[in-house]
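Okay, here's what each chain looks like letter by letter:
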Amino acid sequence: MKKPDIGKLKEQAKQLRRDILTMLSEAGSGHTGSSLSCVELIFSLYSYKLRYNAKDPYWEERDRFILSKGHGCPTLYAVLAHFGFFLKDKLKTLRQIGTLLQGHPQLGLPGIEASTGSLGQGLSVANGMALSARLDKKDTRVYCLLGDGEINEGQVWEAAMTAAHYSLDNLCAIIDYNKLQIDGFLCDVKDMFELTKKWEAFGWNVIEIDGHDFTQIMDSLDRAEKVKDKPTIIIAHTIKGKGVSFIENKAEWHGIAPKPDELKCALRELD
Amino acid sequence: MINEDRSTWKATRDGYGKGLVSLGRENERIVVLSADLTESTRASWFRDEFPERFFSFGVAEQDMMSTAAGFALSGKIPFCCSFGVFASGRAWEQVRISAAYMNININIGGSHGGITVGPDGATHQALEEIALMRLLPHMSVVVPCDLIEAERATIASAGIKGPVYLRLGREKLPLITDGYEGFEIGKAHIIREGNDLTIIACGIMVYHAIKASDSLKAEGIGAGVINLHTVKPIDKAAILKAAIKSGAIVTAEEHLIACGMGSAVSEVLIQEVPVPVEMVGVKDRFGESGSPWDLIEKLNLMPEDIVIAAKRVLKRKRTT
């Protein structure tokens, strides 16, 4: 696929950030920092790599994307709306009673492949999809975005072993490595030490990139596709709260939404 | 008539193994996932015939359950195999999200349910699965009483849209449902009707319920027996009909009394036909090592224990 224009992507990413902040602010709760760190990652997947049909979200030949760090769903919702899976107007209903845009992703909203949010489970779900595609001799590719705090969960490492055991080269995981989790810095909460070495030791191909650089993201997705006989993980260095100065790199912004005056300031920065 | 010749008895886990193989032959969408207990759960019977549709996870039940979701979301019909304690307990939260919340066709075969696991002791004796699983929205819970019923339940569960938990046992049991053709998930099997009380049982305790009913009959007491193989969705109509007809209920299960099958039956009765109920089951304790039938006796799960409960419930019935 031809790579989209980087300048245009950057402009659109800015708009996505505005949408995300606005919907979170209207909802009055949600995960601002965690959503802003994965904008370029999710947007690149849907702009460049994934095969899908927004008008036929359950099209058999589609690729799959699992947002294992389900709390980052405002970003996924904004991207899905941008590509026409549902009307952008629906973003206003985030976290409201009766909405399909639940606080964490739920099956039923067009474009959502699995209900996630309880951390640590998404990579296993992705493995199941990758194994199933292989069984059906389909060239489906499966992508899974993990949080860096999320990989504290033991199940992630169980899934990592499974993917390597079954040589799932149709699977690509991505870590949103923003170095912060609710309680603070990863190294203080529970030091994960050297992630690259860990994943390599678990039998994965590892690519490390800047997770806000569209060129690096798209290149890494291309490279992952060419690797045979092992799964790939892209460790994407990101900034929690990326794009808004007073939200960036602040653990306290993990799980709160901007108040109206904060939203105003944030939108001004994203003009 | 129950065949008391133990050489004819078979374990429900064997019925599960047979069911998996028949399903595998008929339906290419069936996949079997196992967490290192492949022989014990009889998943090996499927593996040997369909190795390409068998997936091994090692000792990682949580990963297995969520992976099953990936299969189900891709149009497959997964069966997850482990011991009951691990399938329902260790991976409970994965089952909650990946099977129940998503309401997809994931089937869980939890073998080695109950105290009759025997010598392995408390860590491996699941006495909580009915409680843990029936609590989850969308989940069906089936406790077969013999090999034939286990095979039918396994086959039927593949056709249920949502998740199903099958509680299976290691101990060989008489073929109670031989000749009975009416098996359906959610529909209780009425073994006999009684005017004085009704014993509602599941799993291994169906056998003991029949024996208890026989001895009560010798004393002139008419005790009906219901094989409540499906604890959820519960067959309200059958339970209420028995309560109205006989006016007293005894429940019997190889499971903790708390939140088990008897509790599920009581939830129905208390709201609609509040007749006296006595519950036979394990009383707020863990299991221990021992031979299966010695443990059944030690934990008061014998036919005589059901008879005692029946007499208690009759006394209460007369005084209310």
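As the structure is a prediction and not an experimental result, all values here were calculated from the model.

Rules of the game
- Residues numbered from 1 in each chain as written.
- Chains lettered and ligands numbered in written order.
- Predicted model: local features only at pLDDT ≥ 70, side-chain atom pairs only at ≥ 80, totals over all residues.
- Heavy atoms only, no water.
- Contact = heavy atoms within 4.5 Å.
- Buried area = accessible area lost by both parts, 1.4 Å probe.
- Salt bridge = Lys/Arg side-chain N within 4 Å of Asp/Glu carboxyl O.
- Polar contact = N/O pair within 3.5 Å; in protein donor to acceptor, adjacent residues only side chain to side chain.
- Helix = DSSP H or I, 4+ residues; strand = E, 2+ residues; numbered from the N terminus.
- Nonpolar A, V, L, I, M, F, W, Y, C, P; charged D, E, K, R; others polar.
- Axes fitted to C-alpha atoms, helices over the stretch in contact; angles between N-to-C directions.
- Parallel < 35°, antiparallel > 145°, perpendicular 65-115°, else oblique.
- Left-handed = near helix turned anticlockwise from the far one by under 90°.
- Pairing = 2+ DSSP bridges.
- Right-handed = clockwise from strand over helix to strand, strands pointing away.
- Expected span 1.5 Å × (residues − 1).
- Buried < 20%, exposed > 50% of the residue type's maximum accessible area, 1.4 Å probe, protein only.
- Core = buried A, V, L, I, M, F, W, Y, C linked by side-chain atoms within 4.5 Å.
- Domains from an automatic or database assignment.

### Some thoughts on the interface of chain B and chain A
When the parts of a complex come together, some accessible area is lost, and that lost area is often used as the size of the interface.
Right, so step 1: Across the contact, 26 residues belong to chain B and 23 residues belong to chain A.
Right, so step 2: If you sort the residues of chain B by the area they bury against chain A, Asp63, Leu73 and Tyr101 of chain B come out on top, with a joint share of 26%.
Right, so step 3: Connecting chain B to chain A are one salt bridge.
Right, so step 4: For Lys76 of chain B, the salt bridge goes to Asp136 of chain A, with nearest N and O atoms at 2.7 Å.
Right, so step 5: In this assembly, chain B and chain A are joined by 13 residue pairs in polar contact (both at pLDDT 80 or more).
Right, so step 6: Put simply, the parts of the chain that give the side of chain B that touches chain A at least two residues each are β3 (54-56), α3 (61-72) and α5 (92-101) of chain B.
Right, so step 7: With eight residues, the top contributor of residues to the side of chain B that touches chain A is α3 of chain B.
Right, so step 8: Its residues assigned to classes, the side of chain B that touches chain A comprises 12 nonpolar, eight polar and six charged.

### Things to note about the packing of helix α1 (residues 6-27) of chain A against helix α3 (residues 39-49) of chain A
Residue and element names in this part refer to chain A.
Right, so step 1: Look at α1 against α3: their axes get within 10 Å of each other, and the N-to-C directions meet at 120°. As judged from the angle between their axes, α1 and α3 are oblique. Two packed elements cross with a definite hand, and for α1 against α3 that hand is right-handed. Where α1 abuts α3, its residues Leu9, Gln12, Ala13, Leu16, Arg17 and Ile20 lie against Val39, Glu40, Phe43 and Ser47.

### A few points about the pairing of strand β6 (residues 205-210) of chain A
All names here are of chain A.
Right, so step 1: Of the pairings in the sheet, the one linking β6 to strand β7 (residues 232-237) comprises six bridges and is parallel in character. Across the sheet, the residue bridging to Val206 is Ile233, located in β7.
Right, so step 2: Note that the unit made of β6, helix α9 (residues 214-226) and β7 has a crossover that is right-handed.

### Considerations on α9 of chain A
All names here are of chain A.
Right, so step 1: With 13 residues, α9 should cover 18 Å at 1.5 Å per step; its first-to-last C-alpha distance of 19 Å lies within 8% of that length.
Right, so step 2: Within α9, the full set of buried residues consists of Phe214, Ile217, Met218, Ser220, Leu221, Asp222 and Ala224.
Right, so step 3: Structurally, α9 contributes buried residues whose contacts are with α1, α3, β2 (142-147), β3 (171-177), β6 and β7.
Right, so step 4: For α9, the N-terminal capping position is held by Asp213, with its side-chain oxygen 2.9 Å away from the main-chain nitrogen of Thr215.

### Focus: the nonpolar core
Residue and element names in this part refer to chain A.
Right, so step 1: If you look at the biggest cluster of nonpolar residues, it comprises 80 residues, and the most contacted ones within it are Leu123, Leu146 and Trp199.
Right, so step 2: Leave out the neighbours within four places in its chain, and Leu123 touches Ser68, Cys144, Leu146, Val156, Ala159, Ala160, Leu171, Ala173, Trp199 and Trp204.
Right, so step 3: Counting 55 residues, the second-largest nonpolar core is a separate cluster that includes Leu24, Phe86, Leu94 and Val244.

### With respect to the environment of Ser115 of chain A
Right, so step 1: Position of Ser115 of chain A among the secondary structure elements: in the loop between α4 (73-82) and α5 (122-135).
Right, so step 2: By relative accessible area, Ser115 of chain A is classed as buried at 4%.
Right, so step 3: Once you skip the residues sitting within four places of it in the chain, Ser115 of chain A turns out to touch Pro105, Gln106 and Leu107 of chain A together with Ile97, Tyr101 and Met102 of chain B.
Right, so step 4: In this structure the side chain of Ser115 of chain A is engaged in a polar contact, spanning 3.0 Å, whose partner is the backbone nitrogen of Leu107 of chain A.

### Some thoughts on the packing of α3 of chain A against α4 of chain A
Residue and element names in this part refer to chain A.
Right, so step 1: At a closest axis distance of 10 Å, the pairing of α3 and α4 adopts a crossing angle of 30°. Crossing handedness for the pair α3 and α4: right-handed. Contacts from Val39, Ile42, Phe43 and Tyr46 in α3 reach Thr75, Leu76, Val79, Leu80 and His82 in α4.
Right, so step 2: Residue classes in the contact of α3 with α4 are distributed as seven nonpolar, two polar and no charged.

### A look at unusual backbone geometry
Right, so step 1: Pro233 of chain B follows Lys232 of chain B through a cis peptide bond whose omega is -5°.
Right, so step 2: Take Pro233 of chain B: it is sitting in the loop between β12 (230-232) and α9 (236-246).
Right, so step 3: Not every positive phi belongs to a glycine, and Phe193 of chain A is a case in point at roughly 50°.
Right, so step 4: Relative to the helices and strands, Phe193 of chain A resides in the loop between α7 (186-189) and α8 (195-201).
Right, so step 5: With phi around 55°, His112 of chain B is a residue other than glycine that occupies positive phi space.
Right, so step 6: Within the secondary structure, His112 of chain B is located in the loop between β5 (107-111) and α6 (129-134).

### Details of the pattern of salt bridges
All names here are of chain A.
Right, so step 1: Applying the stated rule across the entire model yields 32 salt bridges over all chains.
Right, so step 2: A salt bridge links Asp222 to Lys3, with the nearest nitrogen and oxygen atoms 3.1 Å apart. With Asp222 in helix α9 and Lys3 in the segment before α1, the pair connects residues that are 219 residues apart, well separated along the chain.
Right, so step 3: Accessibility expressed as a relative area gives 14% for Asp222, which makes it buried.
Right, so step 4: Across the salt bridge formed by Glu194 and Lys197, the nearest N and O atoms sit 3.4 Å from each other.
Right, so step 5: Within the structure, one salt-bridge network assembled from shared partners comprises Lys3, Lys49, Asp219, Asp222 and Glu225.

### Section: the domain arrangement of chain B
Residue and element names in this part refer to chain B.
Right, so step 1: Looking at chain B, the domain boundaries give domain 1 (8-173) and domain 2 (189-319).
Right, so step 2: Computed from C-alpha coordinates alone, the two centres of domain 1 and domain 2 are separated by 26 Å.
Right, so step 3: Taken residue by residue, the interface counts 32 residues in domain 1 and 36 residues in domain 2.
Right, so step 4: The contact between domain 1 and domain 2 buries some 2500 Å² in all, and 60% of this surface belongs to carbon and sulfur atoms.
Right, so step 5: It is Ile115, Leu127 and Arg134 that lose the most area in domain 1 upon contact with domain 2, and together they represent 28% of the buried surface on that side.
Right, so step 6: Inspection of the domain 1/domain 2 interface yields one salt bridge.
Right, so step 7: Note that Arg134 and Glu267 form a salt bridge whose closest N and O atoms lie 2.8 Å from each other.
Right, so step 8: Scanning the region where domain 1 abuts domain 2 turns up 22 residue pairs in polar contact (both at pLDDT 80 or more).
Right, so step 9: Elements with a contribution of two residues or more to the side of domain 1 that touches domain 2: α6, β6 (140-142) and β8 (172-173).
Right, so step 10: For the side of domain 1 that touches domain 2, the element with the most residues is α6, which contributes four residues.

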